[in-house]
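# Fold and geometry: a report
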Amino acid sequence: MLGKRSNKNMTTEKSAVFIIFGGSGDLAHRKLYPAMYNLYKSGVLKDHFAVIGTARRPWSDDYYRSTVVDSLEDVDDDEKAMTEFSKHFFYQSHDVTDSDHYIALKNLAAKLDDQFDTGHNRIYYMAIAPRFFGTVAEHINSEGLKTDGYNRLVIEKPFGRSFDSACDLNSSLTKTFSESEIYRMDHYLGKFMVQQLTDIRMKNKTFEKALDHKYVSNMQITLSESLGVEDRGGYYETAGVLRDMIQNHIMQIIGAVAMDEPAKLDSDSIHEVKRAVFANLKDLTPEEVDQNFVRGQYGEDATGKLKAYREEDNVDANSNIETFVAGKVTMSNERWDGVPFYVRSGKRMPAKSSRIDVVFNDKVEELGIKPNTTVTFLIEPENGSSILVNGIDYQSANQDFIKFPEDSHYFDNEREAYESLMIDILDGDQIHFTLWDELQNTWKYVDVIRQQWDNETPDFPNYMSKTIGPDAASELLEKDGNTWVWDA
Ligand code: NAD
């Protein structure tokens, strides 16, 4: 159930063969193997699972297993358990365009099915460059890898680069997988506080009632990072913050905070109300893009020690890619009529912080809430996440209109986003994944901004590393008589 990182299926053993395309890569080693190991330690994965890692390099099973164990260095020091875990891993050298390799994969998966009694279930995980997603899915079809168990495809972001390319990708995937078999990852939807939001809203009736244009002055969503692009300059040059953060993570958070009350706390009901949010995003004209959206790119820091974006590895010395975006999103439904949703995401800001600030107006007193109260949901990096009321922990803020639900397991059940999402995939629950119709609307929205920006050359760099972003981001709110709550 959304909002309860519940224990419901956390101890029930699951059965599947995972086929990880890109099994030698960074994502697999940094996120997937540690998450799977924790599921193994808690009994979710036990005797009836196997993992086939595939990538181009000619690795042996033993070597692959040693890399899996190495990836757990910071997770555990129980060598016996790590070795036992790694015995479920098998390596298949593979080139995504070679049909014979898919036949070999199919045969290996069938053999492991028998060996581990995995019920013919398959999870195909795309931990590989996006340009290969369609090719892999089409070969899964043409070489007949799908089984009579369940077959689930997990796709990492980015899902396309624009509305058109997302449509092309989706068409190629749906030749093999139905929408109910596709799990589009947005790891923010696996984060504890984002999952808690619905439960908190539904169990705090006064707060829920206050989430309305009558009482909300503005919403603010900030996903700031203190790091620069590090070694991902090549990827970033094709993405920028707009595609990397706004189209997916920020939009999904808007969905969670702005949706109406769902009929039930299940996947269909939640997606129904979320879908309505994205359908109600107010279209932007090119002039409104200029008025309501600000882009930036980091320069050096004040000491000159940190490089400007244009000096980073694999970045064009004249790059016009944005490393910062701030904007004002509005909606055309009655509930949010006239309420600005200010969004902001950037690299090389003073600190890492993911947060939602709900700024109430003075009319909220009608509901027994102090006028001009701000409620902040801290998503990360705070351990376990928390709620602040006017900057003070909600428990000591002496306002009882908002509480964590008693059964939220908040204090003892913090799990990595990838673990939580992996359990959902094993359970066949799409509640925390992005559906195709949601994506279409968010891409359409973001495409207008991209197209307008591509028509004009920005004056970059326009903010110094380790600062809060360009001045225009503050002016955006000042024009409306507002200010950012988080100023680092
Ligand atoms: P990576 O470059 O570290 O790994 C890519 C993998 O693909 C390697 O195992 C490589 O051997 C394999 N590969 C490349 N060409 C191949 C081919 N022709 N045939 C077969 N295998 C081939 O990349 P990554 O950082 O692990 O990213 C993987 C995917 O996950 C990408 O889509 C990326 O956008 C996404 N992603 C990564 C992260 C992250 O933290 N690394 C976060 C979010 C999304």
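Residues numbered from 1 in each chain as written. Predicted model: local features only at pLDDT ≥ 70, side-chain atom pairs only at ≥ 80, totals over all residues. Heavy atoms only, no water.

An unreviewed UniProt entry lists the protein under the name Glucose-6-phosphate 1-dehydrogenase, with Companilactobacillus versmoldensis DSM 14857 = KCTC 3814 given as the organism. Heading Catalytic activity (unreviewed entry) of the UniProt record for the protein holds this comment: "D-glucose 6-phosphate + NADP(+) = 6-phospho-D-glucono-1,5-lactone + NADPH + H(+)". Looking at the Sequence similarities (unreviewed entry) heading of the UniProt record, one finds this comment for the protein: "Belongs to the glucose-6-phosphate dehydrogenase family." (UniProt positions renumbered as here; feature names shortened; annotations may be inferred.)

## Topic: the nonpolar core
Counting residues in hydrophobic clusters, the biggest one holds 114 residues, and the most contacted among them are Ile254, Phe341, Phe360 and Phe377. Leave out the neighbours within four places in its chain, and Phe377 touches Met193, Leu197, Ile200, Phe207, Ser354, Arg355, Ile356, Val358, Ser386, Ile387 and Ile402. Among the nonpolar cores identified, the runner-up in size contains 39 residues, and Phe49, Trp59, Val154 and Ile425 belong to it. (Core = buried A, V, L, I, M, F, W, Y, C linked by side-chain atoms within 4.5 Å. Buried < 20%, exposed > 50% of the residue type's maximum accessible area, 1.4 Å probe, protein only. Contact = heavy atoms within 4.5 Å.)

## Points about the pairing of strand S13 (residues 386–389)
Burial along S13 is two-sided: Ser386 and Leu388 facing one way and Ile387 and Val389 facing the other are all buried. Here 4 bridges tie strand S12 (residues 374–380) to S13, and the two strands are oriented antiparallel to one another. Within the sheet, the bridge partner assigned to Leu378 lies in S13 and is Ser386. One ladder, built from 2 bridges, connects S13 with strand S14 (residues 392–393); its direction is antiparallel. Across the sheet, residue Val389 finds its bridge partner in S14, namely Ile392. Where S13 hands over to S14, the hairpin turn is made up of 2 residues, of which Asn390 adopts a positive phi near 50°. (Helix = DSSP H or I, 4+ residues; strand = E, 2+ residues; numbered from the N terminus. Pairing = 2+ DSSP bridges.)

## Regarding the pattern of salt bridges
Across all of its chains, the model carries 25 salt bridges by this definition. Close ionic contact of Asp113 with Arg122 constitutes a salt bridge, the shortest N to O distance being 2.9 Å. Both residues of the pair, Asp113 and Arg122, belong to the buried class. A salt bridge links Lys203 to Asp199; its shortest N-O distance comes to 3.5 Å. Here Asp199 and Lys203 lie together in helix H7 (residues 192–203), a separation of 4 residues that amounts to about one turn. Each of Arg201, Glu208, Asp260 and Arg335 takes part in salt bridges that share partners, so that together they form one network. (Salt bridge = Lys/Arg side-chain N within 4 Å of Asp/Glu carboxyl O.)

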